[in-house]
Amino acid sequence: MGKPSKAGIVSSLRLNPRGRKDLLLAVILLLPTVYILAKTFIYPIVQSLIWSFYKYNLMDGSDIEFVGLRNYTQMFGLHEFWISMRNTAFFTVFTVGFELLLGFFSALLLNQMFRGRLFFRAIIIVPWAMLTLVNGLMWNWIYQPGYGAMTVVLHKLHLLPAGSNPVWLSSSQGIMFFASIADIWKMTPYMTLLLLAGLQSLPASLYEAAVIDGAGFWKKIWHITVPQLMPAIIVAIVLRILGAFRVYDILTVFTGDPTTSVSYLTYNYAFRYFYLGRASAMAWISTIFILILIVIYIRMLKKNSELE
Amino acid sequence: MQRKFGKLFVTALLASVTLAGCSPAPQKPSQSTPAAGGADAKKNDAGGGSKTDTSGGGANALAWDKTDDPSLKSQTLTALVVDNDGTITKMMKRFTEDTGIPLNVVAVDYNSLYTKITTAALSNSSDIDLVEMDTIWAGQFLSGNIVEDLTNVVPQDYQKQFTQSSLSSVMYGGKLAAMPYFSSTKHFYWNKDLLKKAGYDAPPKTWTEFREVSKKLTHDGVYASGWSWKQAEGLNCDFVGMVYSFGGQFFDQNKNFNANSPGAVKALQYMSDLINVDKTVDPASLQWTEDDVKNAFEAGKIAMMSNWEGMYPELNDPSKSKVVGKTDVGLLPGEGNVVSASVTGSEGISIMKTSKHKQAALAFLKWMSSAKFQKPNFTERGTYPVLQSLYNDADVKKADETNTIDKILAQFQYGQNRPNGPGYVEWADILSAKVFEAIAGHQAPQAALDEAQKKIEEAIKKAK
C-alpha cells in the first residue's frame, strides 16, 4: 500500500458532493459506536492511569490527594506483589507449555482419518465450553482429601500408601500446581482447535514428497509440521499467555489467598479494600508486562511473514 | 482512505472522551454523582461543606413516626439479601401484604453480597434501597458513606428491645449502621454416640479437656473434630472465638489493633497442636468451609464440630444425615476463667445512602425488626430472632422441636465481635493468611502472628 501524499489527503477531503455525503453518513453511523467505545473502554483506561497517581481510598473516608509515583513505588516494594508475580509466571509457563504440547498432539491425532473423527472433534470442545467457575468447583471436589476423586483413584492404583491422606491444597505451591492442572484440562481443547485449523491448511504434497525422501513420523513432524505450523503456534501461544497471565476466577474457587495471581491481588486491592489508586498502579504494572509480550508477538509475526 | 479515517477516528475519539466526562481525576464520593444525577448532586452540594453529612438535609430526612404515610405505597423498594432457597424472599413479600408498599427482593449468595453492595455504592446507583450487612462491614459502610447512619433515626427505647449481641454487631464506634436482622454465633456440636463409646457422657467444658477427649476419639478413620480452616473468613471466625476463650483480645488499651497478644498466640498454638501434633483434626479441615464441616459431621466422620445455628433440623433428617438423634449442641469450651467464647455472625439490614426511597425503606426496617417478621422467621425457617421478648414467646417455644433454643441462647451470652473497623476486610485477609500458615505447619504461631501484626500495622499506616 503506497503512502498517500499530502495533496492526496486534501483532495480526498474535497470529494465530489456525493462522496462527501457518503463520508458524512459514515461518520454519523460510526459516532454512536465511537462514543460507547470511548465511554466504556478508552475513558476507564485513561481514568485508571490518572487514578494511579492519586491516593484514592474509598472506604475509610480519607481525603483524595495527588501522590505522584508513590503508588508505584509502594507496589514495587510490596512483598505480596512479587510473590503474586512469581506465581503468575509459574502458572503461565506451566499451563501454556503443557497445553501446547498436549494440544499439538491432540491436533495431530484429530487430523488423521479415522471412524468417529467428527465425534471426537466435537466432544473435545466440552471442557473449553464449560464455565471456568464450574470447572473450578468440579476440580475442587476432585482435590478434596479423603473422599475426593484424586485421592480415591491414587489409593486404588496403590500409588498412595493406604494410611496417607494428603491435603492437596494446603500450601500455595500446591494450589498453584493443582489449579494449573485444572486449567490445562480446560484450555487444551482451545489450543487443539487453533492448531487443528492450522494443520488443515498444510498441503499434503509436502508430506508425500517427504515420504518419498524416506522421512519417518518424527522427521515429518520436525521438518514439515512444526515449521509450517509456526504462525498458528505463535498465535495460539500468545493468546494463551495473555489469557493465563490474567488468571483469576479459577483461583478464587481453590483459595482465599490473593497472592496466587497478580489479577487476584489487584482485584482485592480494588474491590475488597478499595485502594483505587494503588490498584490502578498495580493494574498498570501488569499491563506493561502484557504490552511487552504483545510487542514481542507482533515482532515475531512480522518476522514470520517476512520469511514466507 | 484508511489514513483519513484514522484521523477522523482520533478526532472523534478525543471529542467523545471530552464529552464522556469532565475530568477523570478522582473526586470525593459524596460529591461525585454521575451526570444523570446532576440535579441531586447540586442540591446536596449547595450546603457547601466538603464532608457534610447529606443524609440530614431536606427531603432525605428520615422520620421514625412517619412510616405509615400512605404516600409511601407508591414507591417500590428493592432489597439485596442472601437467600439460598427462596424462603426469605417469600417471607419478606409479606411486607407488601402488611403495608401495601411494593417490595422487590434480589437474592444473592453470601460470597457475592459484599461485592454487589460495594459496586452499587461505587456506581452511585439508586437501584438498591436495602442491603443485608454482615457485622464485619459496619465500620467500612459507615466510614465509606455507603449506608445511612441510623443512630438518631431509631429511637433509643426501640433499640432496647434487641438482644445485646444483635445490637452490638450492627454498631461501630457507637453508631448504628443497620437494623438487627438475625442473631448468630458459632456453637459446639457433638456426636453423643461416639463420645459415649470413648467413655464420655458429657462434652468437654474446657479446651484442655477437649484435647484429652480428642485423643481418645480419633481412631478407625474417625477424627475427633473438623473445622472450617480453609484460608477464608471462616478461619478468622474460628480463630477469633479461640482467641477470646484463651483470654486474648484484638485491641489493646489504646484501641490499637493487636493480633499477637499472648492469648492470641496461645490460641493459635493450641489450634496448631491439635492438627499438627495430636493429629486429632481431620486434615481435610484445611480445605473446608462450614458446609463441608457439616457434611463430614452428618456422615459421622468427625465427632465434634463448631458451627453456626441452623444445623437442626437437617442433622435429624435421615435423607441427609447418618447421625439422626445422636447429636447435641451446647456451649463451646472455654479455658481458665473463661467459661466459653464464640464469634458472632449476626447481621443487619441497612439503608443505602444512594436510595431514593429512604422513608419507605425505614418502614421496611421497622416491619422486619418487629415480631411480624422475626417470629415466623424462626418458626418457619429456624433463624434466631433479634427481639429479646421472642425467646420467651409460646409460639417460638412450640416451634422449637429439638429443644435447642435455650442452648443456642446460652451461647449468645458469650458472643464476641470481630474487630469491625473500616479496614477490617484487609486485616482479615492478612490475618487468615498468617493463621493458615501456622496451622498448615509452615510457620510457628508466634512468628506468624508477629508478622500478621507487622503487616496490619503497615496496612493501617499506608491507608492513612
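Residues numbered from 1 in each chain as written. Chains lettered and ligands numbered in written order. Predicted model: local features only at pLDDT ≥ 70, side-chain atom pairs only at ≥ 80, totals over all residues.

### So, the overall build of chain B
Part 1 of the argument: Helix and strand counts for chain B come out as 18 helices and 13 strands.
Part 2 of the argument: Contacts in chain B between residues far apart in sequence, at least 24 positions, make up 74% of those at least 6 positions apart. (Helix = DSSP H or I, 4+ residues; strand = E, 2+ residues; numbered from the N terminus. Contact = placed C-beta atoms within 7 Å.)

### Some details on the overall build of chain A
Part 1 of the argument: Helix and strand counts for chain A come out as 14 helices and 2 strands.
Part 2 of the argument: Scaling as 2.2 N^0.38, a compact globule of 308 residues should have a C-alpha radius of gyration of about 19 Å, whereas chain A reaches 25 Å, well beyond that.
Part 3 of the argument: Projected onto the principal axes, the alpha-carbon positions of chain A cover approximately 80 × 70 × 30 Å.
Part 4 of the argument: Of all 308 residues assigned to chain A, the portion counted as buried reaches 30%.
Part 5 of the argument: Contacts spanning at least 24 positions in sequence make up 70% of the contacts within chain A whose residues lie at least 6 apart. (Rg over C-alpha atoms; globule rule 2.2 N^0.38 Å. Buried ≥ 20, exposed ≤ 12 C-beta atoms within 10 Å, placed from the backbone.)

### With respect to the domain arrangement of chain B
Residue and element names in this part refer to chain B.
Part 1 of the argument: Split by domain assignment, chain B resolves into domain 1 (63-184 + 345-408) and domain 2 (186-343 + 423-463).
Part 2 of the argument: Taking only C-alpha atoms into account, the centre of domain 1 sits 29 Å from that of domain 2.
Part 3 of the argument: Across the contact, 12 residues belong to domain 1 and 13 residues belong to domain 2.
Part 4 of the argument: Those elements that provide at least two residues to the side of domain 1 that touches domain 2 are helix 5 (138-143) and helix 16 (405-412). (Domains from an automatic or database assignment.)

### Focus: unusual backbone geometry
Part 1 of the argument: With a phi angle near 60°, F274 of chain A is a residue other than glycine that sits in the positive phi range.
Part 2 of the argument: Take F274 of chain A: it is sitting in the loop between helix 13 (262-272) and helix 14 (276-307).
Part 3 of the argument: When the 25 C-beta atoms within 10 Å are taken as the criterion, F274 of chain A is described as buried.
Part 4 of the argument: Positive phi, close to 55°, is recorded for N124 of chain B, a residue that is not glycine.
Part 5 of the argument: Relative to the assigned elements, N124 of chain B resides in the loop between helix 4 (110-122) and strand 3 (130-134).

### Considering the confidence of the model for chain A
Part 1 of the argument: Per-chain confidence: chain A averages 86 in pLDDT, with 94% of residues scoring 70 or above.
Part 2 of the argument: Put simply, helix 1 (residues 6-13) of chain A is where chain A has its lowest mean pLDDT, 52, and helix 4 (residues 79-110) of chain A is where it has its highest, 93. (pLDDT = per-residue confidence, 0-100.)

### Considering the sheet that holds strand 1 (residues 77-82) of chain B
Residue and element names in this part refer to chain B.
Part 1 of the argument: On the basis of which strands lie adjacent, the open sheet formed by 5 strands has the order 2-1-3-12-6 and mixed pairing. Each edge of the open sheet carries a strand with a single partner, namely strand 2 (103-108) and strand 6 (179-182). Across the sheet, the mean angle from the axis of one strand to that of its neighbour is 30°, orientation sign disregarded.
Part 2 of the argument: Sheet analysis places strand 1 next to strand 2, joined by 6 bridges and oriented parallel. Paired with T78 across the strands is N104, a residue of strand 2.
Part 3 of the argument: Strands strand 1, strand 2 and strand 3 of the sheet are contacted by helix 4, whose axis makes an angle of about 140° with strand 1.
Part 4 of the argument: Along the sheet face, helix 13 (residues 358-368) touches strand 1, strand 2, strand 3, strand 6 and strand 12 (347-351) and points at about 160° away from the line of strand 12. (Pairing = 2+ DSSP bridges. Axes fitted to C-alpha atoms, helices over the stretch in contact; angles between N-to-C directions.)

### Some remarks on helix 9 (residues 207-217) of chain B
Quick reminder: α-helices carry 3.6 residues per turn. Residues three or four places apart thus point the same way.
Residues and elements named next belong to chain B.
Part 1 of the argument: Restricting attention to buried positions, one finds in helix 9 the residues W207, F210, V213, S214 and L217. Considered in projection along helix 9, the buried side chains sweep an arc of 110° and stay on one side of the axis.
Part 2 of the argument: The elements touched by buried residues of helix 9 are helix 8 (192-197), strand 8 (223-226), helix 10 (233-245), helix 11 (262-278) and strand 9 (302-308). (Arc of directions from axis to C-beta.)

### Quick look at the nonpolar core
Part 1 of the argument: Counting residues in hydrophobic clusters, the biggest one holds 169 residues, and the most contacted among them are M133, A177 and F364 of chain B.
Part 2 of the argument: Composition of this core by domain shows at least three residues from each of domain 1 (63-184 + 345-408) and domain 2 (186-343 + 423-463) of chain B. (Core = buried A, V, L, I, M, F, W, Y, C linked by C-beta atoms within 7 Å.)

### Comments concerning the environment of V105 of chain B
Residues and elements named next belong to chain B.
Part 1 of the argument: Tracing the chain through its elements places V105 in strand 2.
Part 2 of the argument: Along the primary structure V105 and L130 are separated by 25 residues, whereas in three dimensions their C-alpha atoms are 9.4 Å apart.
Part 3 of the argument: Apart from residues lying up to four places away in sequence, V105 is in contact with A79, V81, T89 and M92.

### With respect to the packing of helix 4 of chain A against helix 11 (residues 217-245) of chain A
Residue and element names in this part refer to chain A.
Part 1 of the argument: One way to put it is that helix 4 packs onto helix 11 with a least axis distance of 9 Å and a crossing angle of 145°. With respect to the hand of their crossing, helix 4 and helix 11 are arranged in right-handed fashion. Of the residues in helix 11, those in contact with T88, F91, T92, T95, V96, E99 and L100 of helix 4 are I237, R240, I241, A244 and F245.
Part 2 of the argument: Looking at side-chain class alone, the contact of helix 4 with helix 11 contains 7 nonpolar, 3 polar and 2 charged residues. (Left-handed = near helix turned anticlockwise from the far one by under 90°. Nonpolar A, V, L, I, M, F, W, Y, C, P; charged D, E, K, R; others polar.)

### Thoughts on the environment of T255 of chain A
Part 1 of the argument: Mapped onto the fold, T255 of chain A is located in the loop between helix 12 (249-254) and helix 13.
Part 2 of the argument: Taking C-alpha positions, T255 of chain A is 11 Å from G174 of chain A, a pair spaced 81 residues apart along the chain.

### Considering the sheet that holds strand 7 (residues 186-191) of chain B
Residues and elements named next belong to chain B.
Part 1 of the argument: Strands sit in the order 8-9-7-10 across an open sheet of 4 strands; the sheet is mixed. Either end of the sheet is taken by a strand with one partner, and the two such strands are strand 8 and strand 10 (327-330). Within this sheet the neighbouring strands show an average axis-to-axis angle of 20°, counted without direction.
Part 2 of the argument: Direction of pairing for strand 7 relative to strand 10: antiparallel, over a ladder of 4 bridges. Directly across from F188, in strand 10, lies its bridge partner G330.

### Remarks on the packing of helix 10 of chain B against helix 11 of chain B
Between two packed helices, both the angle of their axes relative to each other and the distance between the axes serve to describe the pair.
Residues and elements named next belong to chain B.
Part 1 of the argument: Where helix 10 contacts helix 11, the axes come no closer than 8 Å and their chain directions differ by 120°. The angle between helix 10 and helix 11 falls in the class oblique. In this structure, helix 10 crosses over helix 11, and the sense of that crossing is right-handed. Along its contact with helix 10, which presents F239, M242 and V243, the element helix 11 presents G263, A264, A267, Y270 and M271. (Parallel < 35°, antiparallel > 145°, perpendicular 65-115°, else oblique.)

### A word on the environment of M85 of chain A
All names here are of chain A.
Part 1 of the argument: Tracing the backbone through its elements, the reader meets M85 in helix 4.
Part 2 of the argument: On the basis of neighbour counts, which here come to 17 C-beta atoms within 10 Å, the residue M85 falls in the partly exposed class.
Part 3 of the argument: On a C-alpha basis, the gap between M85 and A149 in space is 31 Å, while along the polypeptide they are 64 residues apart.

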